[in-house]
Amino acid sequence: RLPGADDLGSTYFQGFAESSYSLTVIMTSSNFPDMMVPMFSKFRLMGAVLILYMVFNFVFFSQLTLAVVYEQYGNSMNEDHKTWQKNRLKSSHAAYAMLEEDSGAGR
């Protein structure tokens, strides 16, 4: 435990679950200044660790999120395209069947 870290640890890093939640909040940068500034003002090295953590997570998780979204979008577009082709084929057959009926009735 770092000396003088009692007020910081009791606020954001009490246990594993609270620490994980606090690091997730830091990663999303929704409460970044409230967590980072007190720790950075007392422990410069801890600020560097948190900045490295954020850079890694922003790069890694943004790429992971983009990959998941792109994969789901591609799957959705493939399903839409298959449905469109199936409907087009069904409509073409129906149109030719109607033309055959019309041409057969007019003879």
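In what follows, the accompanying structure is described. (Residues numbered from 1 in each chain as written. Predicted model: local features only at pLDDT ≥ 70, side-chain atom pairs only at ≥ 80, totals over all residues. Heavy atoms only, no water.)

Moving on: the overall build of the protein chain. Secondary structure assignment for the protein chain yields four helices and zero strands. Helices and strands appear in the protein chain in the N-to-C order α-α-α-α. For the protein chain, the proportion of its 107 residues judged to be buried stands at 16%. When contacts within the protein chain are restricted to residue pairs at least 6 apart in sequence, those whose partners lie at least 24 apart make up 50%. As presented, the protein chain carries roughly 8600 Å² of accessible surface, and 64% of it is formed by carbon and sulfur atoms. (Helix = DSSP H or I, 4+ residues; strand = E, 2+ residues; numbered from the N terminus. Buried < 20%, exposed > 50% of the residue type's maximum accessible area, 1.4 Å probe, protein only. Contact = heavy atoms within 4.5 Å. Areas by Shrake-Rupley, 256 points an atom, 1.4 Å probe, with all protein chains shown as cover.)

This part covers the nonpolar core. Of all hydrophobic cores here, the largest spans seven residues; its members are Val-25, Ile-26, Met-35, Met-36, Met-39, Leu-50 and Met-54. Those elements that provide at least two residues to this core are helix H2 (16–28), helix H3 (32–42) and helix H4 (44–105). A per-element tally of this core places H3 first, with three residues. (Core = buried A, V, L, I, M, F, W, Y, C linked by side-chain atoms within 4.5 Å.)

Spatial relationships are all this shows, so hold off on functional conclusions.
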